[in-house]
Amino acid sequence: MPKIKKLPLHEAQKIAAGEVVDRPANVVKELVENSLDAGATHIGIYIEQAGKKLIRIVDNGLGMSAEDAQLCFEQHATSKIASVEEIHKIATFGFRGEALPSIAAVSSVTLITKEADDEHGSKVILEHGNIISSEVAASTTGTDIAVQNLFSNVPARKKFMKSDETEWRAIANVVQAFCLDYINVHVKLFHDGKQIYNCHPTTSLVERIAQLSDSSLAQAMIPLENITNKDQSISIEGAISNHHYSRYDRNNIFIFVNKRWVKNHQLSSALIKGYSNVLQAGKYPAACLFITVDPAQVDINIHPRKEEVQFLHPIKVTTLIQETVKKTLEENLSRQLKKTVTLAAPKLEAAFHPAPSLQNLDVRFTPFDFEAFHVRQTTVQTAKIPAKVDQEIEDHSTPIVVSEVEPYRIIGQYHKTYILLEQEEGLFLVDQHAAHERILYEQFSQRFDEVTAVKLLFPHIITLQSGEAELIERHAEIFKIHGIDIERFSDNQIIIQATPVHLKNSSFDDLIRQVVSWIQEYASLDKQLFFTTIHEKLRAQMACKAAVKAGDELSQEKMEQLLRDLTKTANRFTCPHGRPTGWLLSLHEIEKKFKRKL
Ligand code: ADP
Ligand code: MG
């Protein structure tokens, strides 16, 4: 008896199917790719029970003839490639002709499709890979394919599907990626009858991001315009989030290589490294990077699901990503700095321009790295890789980080505004007001529901217009949450009876008037948003009022306390208004200016 047996075709197909589709999100990916390959400009995606029950994709692409509607389910049937040599040249997603047969082998499929020139469409129904009916059917031009009961005949696979929530998240992720990649295509996504996305065609990536999430993320995005490396062999465009935005997972990082979404650890690590001065450990940015390289320099097809990618020169790509991110963030920050100085805070102008002598130095200021100044990050040097073998070797340069406390010495206060610190990397300038503002703001946010109010010995009366006094009275609850006790005193007066400890010496008139204007300005927002906006603004304003000012002289003790507090504070990189709290003038830059170093 021979030991070798030929597997029955349907068993072989089930096994092969596992390579192409191992979860509902892969099915969605394959089917949407087919729609895009067919030139669809409108794609409807209908999901039920996280794709376990139904995945249906309706497109307005080219459609298929009656013959192709059956042929497409045969192994290696593809309209996109005829020979192996062509593989590297093709611009479409598909080429193996194995997605549809693989999907059909492990589910029940109903396909309805029609080409533009055909009078009638066709409807083909398959059960676990076998065509059980094929007939003429009414259809508009395009393709409507429904995949039901995925893996119903492969119990092992079925068992390995994750919870609905997890599988759904994977599907949403795939759809988001397509939406970002094809902003000119109208994409609708439904889950259990509920519309999740309705992304109208657009020409702006940032607008597409707004369609997919909320406007706050879109507002945080900095567009990247066609950035290339020195030899012009790689280019990057897209958008990355600014230094304010962060989240605890990498789910908002999308990287595309030659228009294909890839999941590549090296590339996302390079992106995250670009944020190393900006985001705390464990926090991640949002990004959408489109990398273009000569197709000969990259192999996207090494993975059956085509998500992985291998570069001939990985280091070139990772370096460009990291540098692009770093430079973009720096430029954005200094742009913002200038804006704040000239528009929003004329009084602080002196405080936020470096002194003229420093300005003339024309040094490149690097955002202050509190992490580095508090916790020393020692990176283990990686051996230099000779240029010639560069192409064979993967970039393994992810540094091992060893943490130890980095000492700093307070040099003193400069211009009654900045605290100067000596540190191994260079000279740090901390903006005392911005830093203190951030410290207080974070403290206020944390103690949101336990603000201790102090009864004022001499209650403070503020005269407003009667409409304003009434407005304050109506919203007295907002103030109360922040520890400010306000009552109506007369028709056009209010009285402050109690305030939080920090504020007791400050003037309230400004603060109250400011809140009146916000209440008026944001009145049209929906209730929830109105309250979060006002609370957020009030908190920032209180922090601003209570913080030390530019021009306040600080004792050694006060400076020490402030720096100690700052190192413990979240989001310490910027003040609540987005200005930086500190800058590093690196020793290297200083020595270069004095021509001690090149
Ligand atoms: P591939 O995409 O690798 O060619 P598939 O199994 O995904 O393999 O699809 C097989 C063939 O079926 C495609 O080459 C294409 O001709 C046809 N096809 C599949 N989906 C569609 C669609 N949505 N619109 C038009 N043609 C399609
Ligand atoms: Mg395909």
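Residues numbered from 1 in each chain as written. Chains lettered and ligands numbered in written order. Predicted model: local features only at pLDDT ≥ 70, side-chain atom pairs only at ≥ 80, totals over all residues. Heavy atoms only, no water.

Asks: Whenever I open this one, the overall build of the protein confuses me. Can you help?
Replies: Helices and strands together make up the secondary structure of the protein, namely 20 helices and 25 strands. Across the 598 residues that make up the protein, the buried fraction comes to 48%. A separation of at least 24 residues holds for 69% of the contacts in the protein among residues at least 6 apart in sequence. Surface exposure of the protein reaches about 31,000 Å², of which carbon and sulfur atoms provide 52%. (Helix = DSSP H or I, 4+ residues; strand = E, 2+ residues; numbered from the N terminus. Buried < 20%, exposed > 50% of the residue type's maximum accessible area, 1.4 Å probe, protein only. Contact = heavy atoms within 4.5 Å. Areas by Shrake-Rupley, 256 points an atom, 1.4 Å probe, with all protein chains shown as cover.)

Asks: Hey, could you run me through the packing of aromatic side chains in this one?
Replies: Aromatic rings in a pair are described by how distant their centres are and how their planes are angled relative to each other. Applying the stated criterion to the full structure yields five aromatic pairs. Residues Tyr-414 and Tyr-418 carry aromatic rings whose centres are separated by 6.3 Å and whose planes lie at 20° to one another, so their mutual orientation is stacked. Accessibility expressed as a relative area gives 9% for Tyr-418, which makes it buried. Across the ring face of Tyr-46, the terminal group of Arg-56 is positioned such that the distance to the ring centre comes to 5.5 Å. The ring of Tyr-182 carries the charged tip of Lys-259 above its face, separated from the ring centre by 4.3 Å. (Phe/Tyr/Trp six-rings, centres within 6.5 Å; stacked < 30°, edge-to-face > 60°. Lys NZ or Arg CZ within 6 Å of the ring centre and 35° of its normal.)

Asks: Is there a simple way to think about the nonpolar core in this case?
Replies: A general feature of soluble globular proteins is that nonpolar side chains tend to end up buried together. Grouped together as the largest cluster of nonpolar side chains are 66 residues, with contacts concentrated most on Val-28, Leu-31, Ile-45, Phe-73 and Val-175. Here this core gets ten residues from one element, more than from any other, and that element is helix 6 (residues 164–181). Here this core spans two domains, since at least three of its residues come from each of domain 1 (9–199) and domain 2 (205–334). Excluding its chain neighbours within four sequence positions, the residues that come into contact with Phe-73 are Leu-100, Pro-101, Ala-104, Val-109, Leu-111, Val-124 and Leu-126. (Core = buried A, V, L, I, M, F, W, Y, C linked by side-chain atoms within 4.5 Å. Domains from an automatic or database assignment.)

Asks: Sorry, what's going on with the sheet that holds strand 13 (residues 287–293) here?
Replies: Backbone hydrogen bonds hold the strands of a sheet together, and the pairing may be parallel or antiparallel. Judged by pairing direction, the sheet is mixed, and its five strands sit side by side in the order 9-10-13-11-12 without closing on themselves. Both edges of this open sheet fall to strand 9 (221–228) and strand 12 (260–262), since each of them pairs with a single strand only. The mean angle between the axes of side-by-side strands here comes to 20°, regardless of whether they run parallel or antiparallel. Where strand 9 lies against strand 10 (residues 234–241), six bridges are found, and the strand directions are antiparallel. (Pairing = 2+ DSSP bridges. Axes fitted to C-alpha atoms, helices over the stretch in contact; angles between N-to-C directions.)

Asks: What is the right way to look at empty space enclosed by the protein in this model?
Replies: Picture a little ball the size of a water molecule; that probe, rolled over the atoms, points out where space is still empty. Counted according to the given criterion, the structure contains four cavities of 30 Å³ or more. When its residues are assigned to classes, the lining of the second largest cavity shows four nonpolar, three polar and two charged. (1 Å grid on protein atoms, 1.4 Å probe; cavity = no way out; pocket = protein on both sides within 12 Å on 5 of 7 lines; lining within 4 Å. Points joined across faces, edges and corners; volume = space filled by probe spheres on them. Nonpolar A, V, L, I, M, F, W, Y, C, P; charged D, E, K, R; others polar.)

Asks: Where do I start with the pattern of salt bridges in this structure?
Replies: Scanning all chains against the criterion turns up 19 salt bridges. Two residues, Asp-510 and Lys-545, come together in a salt bridge whose shortest N-O distance is 3.5 Å. Placement of the pair is Asp-510 in helix 17 (residues 509–522) and Lys-545 in helix 18 (residues 527–546), with a sequence separation of 35 residues. Linked by salt bridges that have partners in common, Glu-473, Arg-488 and Asp-491 make up one network. (Salt bridge = Lys/Arg side-chain N within 4 Å of Asp/Glu carboxyl O.)

Asks: Honestly, the pairing of strand 23 (residues 485–490) in this entry has me stumped. Any pointers?
Replies: If a strand is regular, its side chains alternate between the two faces of the sheet. Pairing of strand 23 with strand 24 (residues 493–500), which is carried by five bridges, proceeds in the antiparallel orientation. Considered in strand 24, the bridge of Arg-488 is made with Ile-494. With antiparallel pairing between neighbouring strands as the criterion, strand 23 and strand 24 make up a hairpin whose turn holds two residues.

Asks: Looking at this structure, how should I read unusual backbone geometry?
Replies: The phi dihedral of Gln-232 falls on the positive side, at around 60°, and the residue is not glycine. Structurally, the position occupied by Gln-232 is in the loop between strand 9 and strand 10. A positive phi angle, near 55°, is found at Lys-595, a position not held by glycine. Relative to the assigned elements, Lys-595 resides in the segment after helix 20 (587–593).

Asks: When you look at the environment of Glu-225 in this model, what are you seeing that I'm missing?
Replies: Looking at the element boundaries, Glu-225 is found in strand 9. Linking Glu-225 and Ile-236, residues eleven residues apart in sequence, is a C-alpha distance of 7.5 Å.

Asks: What's the story with the packing of helix 17 against helix 18 in this structure? I'm lost.
Replies: When two helices pack together, their arrangement is given by the angle between the helix axes and by the axis-to-axis distance. Running from N to C, helix 17 and helix 18 point in directions that differ by 160°, and their axes come no closer than 10 Å. What the angle tells us is that helix 17 and helix 18 run roughly antiparallel. As helix 17 packs across helix 18, the resulting crossing turns out to be right-handed. Note on element contacts: helix 18 touches helix 17 through Phe-530, Thr-533, Ile-534, Lys-537, Leu-538, Gln-541, Met-542 and Lys-545, opposite Asp-510, Leu-511, Gln-514, Val-515, Trp-518, Ile-519 and Tyr-522. Here the contact of helix 17 with helix 18 is composed, by residue class, of nine nonpolar, three polar and three charged. (Parallel < 35°, antiparallel > 145°, perpendicular 65-115°, else oblique. Left-handed = near helix turned anticlockwise from the far one by under 90°.)

Asks: Looking at this structure, how should I read helix 15 (residues 466–474)?
Replies: Considered for burial, the residues of helix 15 that qualify are Glu-468, Ala-469, Leu-471 and Ile-472. Take helix 15 and look down its axis: the buried residues cluster within an arc of 160°, on one side only. Among the structural elements, helix 16 (476–481), strand 23, strand 24 and helix 17 are those in contact with the buried residues of helix 15. (Arc of directions from axis to C-beta.)

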